[in-house]
Amino acid sequence: MNAMGLILKIVIILLGAFLLGDAIFSLAKRRMTESFCLMWGLISVITIIVGIIIQPSKLSDFLSPMSFALILMTLYPLLHIALFFSHTISDLVRKNNELAINVSLLISENEELKKMIEEIKDGK
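Keep in mind the model is a prediction, meaning the values are calculated, not measured.

Each value, and the rule that gives it
Residues numbered from 1 in each chain as written. Predicted model: local features only at pLDDT ≥ 70, side-chain atom pairs only at ≥ 80, totals over all residues. Heavy atoms only, no water. Helix = DSSP H or I, 4+ residues; strand = E, 2+ residues; numbered from the N terminus. Rg over C-alpha atoms; globule rule 2.2 N^0.38 Å. Buried < 20%, exposed > 50% of the residue type's maximum accessible area, 1.4 Å probe, protein only. Contact = heavy atoms within 4.5 Å. Areas by Shrake-Rupley, 256 points an atom, 1.4 Å probe, with all protein chains shown as cover. Lys, Arg positive; Asp, Glu negative; His and termini not counted. Charge placed at Lys NZ, Arg CZ, Asp CG, Glu CD.

## Observations regarding the overall build of the protein chain
For the protein chain, the count of helices and strands is 4 helices and 0 strands. In the protein chain, the order of α-helices and β-strands from amino to carboxyl end is α-α-α-α. Here the protein chain has a C-alpha radius of gyration of 26 Å; the compact-globule value for 124 residues is 14 Å, and the former is much larger. Counting only C-alpha atoms, the protein chain reaches 95 × 25 × 20 Å along its principal axes. Across the 124 residues in the protein chain, those meeting the buried criterion constitute 23%. When contacts within the protein chain are restricted to residue pairs at least 6 apart in sequence, long-range pairs at least 24 apart make up 82% of them. Accessible surface for the protein chain amounts to roughly 9,200 Å². Of this, 73% is attributable to carbon and sulfur atoms. When the 11 positive and 11 negative side-chain charges of the protein chain are each reduced to one mean point, those points stand 9 Å apart.

Put into structure tokens, the structure is as follows:
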């Protein structure tokens, strides 16, 4: 295996480990919902397995070192954007659930107040 192939294997395994760590910490800190953490956890495990299994022996025949470096540097922002969207969507889902609970409580309190007003009107 050539140097670029070894670098690719290491990068893929480290990427999977990073994704798994981020999924676990995001779940622990409630930054992502369980479904997103499960999705990222599965992606990370698959990434680690792929990194262990692949044997890119002829990678240098298809890519120059500069294009290989550019691909790796492009991977980081794309991954960061995907994680950012996952965190943002999870935060919005959580806030939406809290808002629905608050609206439900307000509706219940409103109905109680209406009943009290009707009782006061009927009492006079």
